[in-house]
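Here are the chains, one letter per residue:
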Amino acid sequence: MLEIANVRFDADSIDVARALIGVEVLVDGVGGRIVETEAYDASDPASHSYGGPTTRNAALFGPPGHAYVYRSYGVHWCLNFVCREAGHGAGVLIRAIEPTHGLDVMRERRRLIDARRLCSGPGRLSQALGITGAHDRLPLDSAPFELRPSPMIAEILISPRIGISKAQDMPWRFGLAGSRFVSRPFK
DNA sequence: TTTACGATTAACT
DNA sequence: GTTAATCGTAAAG
């Protein structure tokens, strides 16, 4: 059994995406509580892993409980957690966190004061935590990563995913109810 | 080698 | 609320 911070990473990406809401993620001690995720799977046309392994998405086909970091729009780094079993190609995109640790470091990296917009979006979050391609394929249960169990029973909201052109109707986006730190409001 | 395309963001009105 | 800029990938030539 592969379990980190009370989350089983050998489960389906949808289950992992739900379970991650409320979990605290830190990178070199900087980070916060996960408030928004999206599930992706190899059978999903919107997923990077759809169509099999390539150089870019290799991490998605590696062991679960590891990071998959990719460049989006050629500009932004985005952080995913690999799940299910090695070789499957399932993952969870971390879309937003509520900053709790290292606010000053994040503000300096982002050149931004407003905590609400500091990590509300996959690209913003990665910039605030200092995530780069160097974090691709790193295990989530050892430095610089640290995952801490959710301190509460999270109330979960569900909606279709954002910013994709395929499989748009699949309700595979999950968020923490009432959080002001999500990238876009839930209906 | 060339080209089309985004799992977005920032800067607008 | 809207729109334009952005450039690493991967697939095609």
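This write-up is about the structure you can find in this document. Small disclaimer: the values here were computed from a predicted structure and weren't measured.

Conventions adopted
- Residues numbered from 1 in each chain as written.
- Chains lettered and ligands numbered in written order.
- Predicted model: local features only at pLDDT ≥ 70, side-chain atom pairs only at ≥ 80, totals over all residues.
- Heavy atoms only, no water.
- Near = heavy atom within 4 Å.
- Polar contact = N/O pair within 3.5 Å; in protein donor to acceptor, adjacent residues only side chain to side chain.
- Nonpolar A, V, L, I, M, F, W, Y, C, P; charged D, E, K, R; others polar.
- Helix = DSSP H or I, 4+ residues; strand = E, 2+ residues; numbered from the N terminus.
- Buried < 20%, exposed > 50% of the residue type's maximum accessible area, 1.4 Å probe, protein only.
- Arc of directions from axis to C-beta.
- Contact = heavy atoms within 4.5 Å.
- Phe/Tyr/Trp six-rings, centres within 6.5 Å; stacked < 30°, edge-to-face > 60°.
- Lys NZ or Arg CZ within 6 Å of the ring centre and 35° of its normal.
- Pairing = 2+ DSSP bridges.
- Core = buried A, V, L, I, M, F, W, Y, C linked by side-chain atoms within 4.5 Å.

For the rest of this paragraph, the subject is the protein's contact with DNA strand B. The environment of DNA strand B is made up of 20 residues, and the closest members are Tyr 73, Asn 80, Gly 123, Gly 163 and Ile 164. His 48 has a polar side-chain atom sitting 3.3 Å from a base nitrogen of DNA strand B. In the environment of DNA strand B, a base nitrogen lies 3.4 Å from a nitrogen or oxygen atom belonging to the backbone of Gly 74. Of the residues contributing to the surface near DNA strand B, the split by class is eight nonpolar, nine polar and three charged.

What follows concerns the protein's contact with DNA strand C. Around DNA strand C, the neighbouring residues are Thr 54, Arg 56, Arg 71, Tyr 73, Gly 74 and Val 75. A share of 83% is what sugar and phosphate atoms reach among the atoms of DNA strand C within 4 Å of the protein. Taking Thr 54, its side chain carries an N or O atom lying 2.8 Å from a phosphate oxygen of DNA strand C. For DNA strand C, a base oxygen lies 3.5 Å from a polar atom in the backbone of Tyr 73. Grouping the constituent residues of the surface near DNA strand C by class yields two nonpolar, two polar and two charged.

A few words now on the environment of Arg 8. Within the secondary structure layout, Arg 8 lies in strand β2 (residues 7–8). The class for Arg 8 is partly exposed, based on a relative accessible area of 41%. Sequence separation between Arg 8 and Leu 20 is 12 residues, and the spatial gap between their C-alpha atoms is 9.6 Å. Of the polar contacts made by the side chain of Arg 8, one reaches the side chain of Asp 10; its length is 2.9 Å.

Looking now at helix α1 (residues 13–20). Side chains of residues three or four places apart in an α-helix project in the same direction, reflecting 3.6 residues per turn. Those residues of α1 lying buried are Ser 13, Val 16, Ala 17 and Leu 20. The buried residues of α1 occupy an angular sector of 100° when the element is viewed end-on, so they sit on one face. Tucked inside the fold, the buried residues of α1 contact β2, β4 (30–40), β6 (76–83), β7 (90–101) and β10 (173–176).

Tallying each qualifying case throughout the model produces two aromatic pairs. Looking at Arg 161, its charged tip hangs above the ring of Tyr 40, at a distance of 4.6 Å from the centre. One Lys or Arg, Arg 173, reaches over the ring of Phe 186 and ends 3.8 Å from the middle of that ring.

Moving on, we get to the pairing of β10. Residues of β10 alternate between two faces, with Arg 173 and Gly 175 on one and Phe 174 and Leu 176 on the opposite face, all of them buried. As defined by bridge partners, β4 adjoins β10 across three bridges and the pair is classed as antiparallel. Looking at the pairing, Glu 36 lines up with Gly 175 of β10. Bridge count between strand β9 (residues 156–159) and β10: four bridges; the pairing is antiparallel. Pairing of Leu 157 across the sheet is with Gly 175, part of β10.

Let us look at the nonpolar core. In terms of nonpolar packing, the biggest core is built from 42 residues, with Phe 9, Leu 20, Ile 34, Leu 79, Phe 81, Ile 94 and Leu 147 touching the most fellow members. Looking at this core element by element, the count peaks at five residues for β7. Leave out the neighbours within four places in its chain, and Leu 20 touches Val 7, Phe 9, Ile 34, Thr 37, Phe 81, Val 92 and Ile 94. One finds Ala 46, Val 82, Leu 93 and Ile 164 within the second-largest nonpolar core, a separate group that totals 11 residues.

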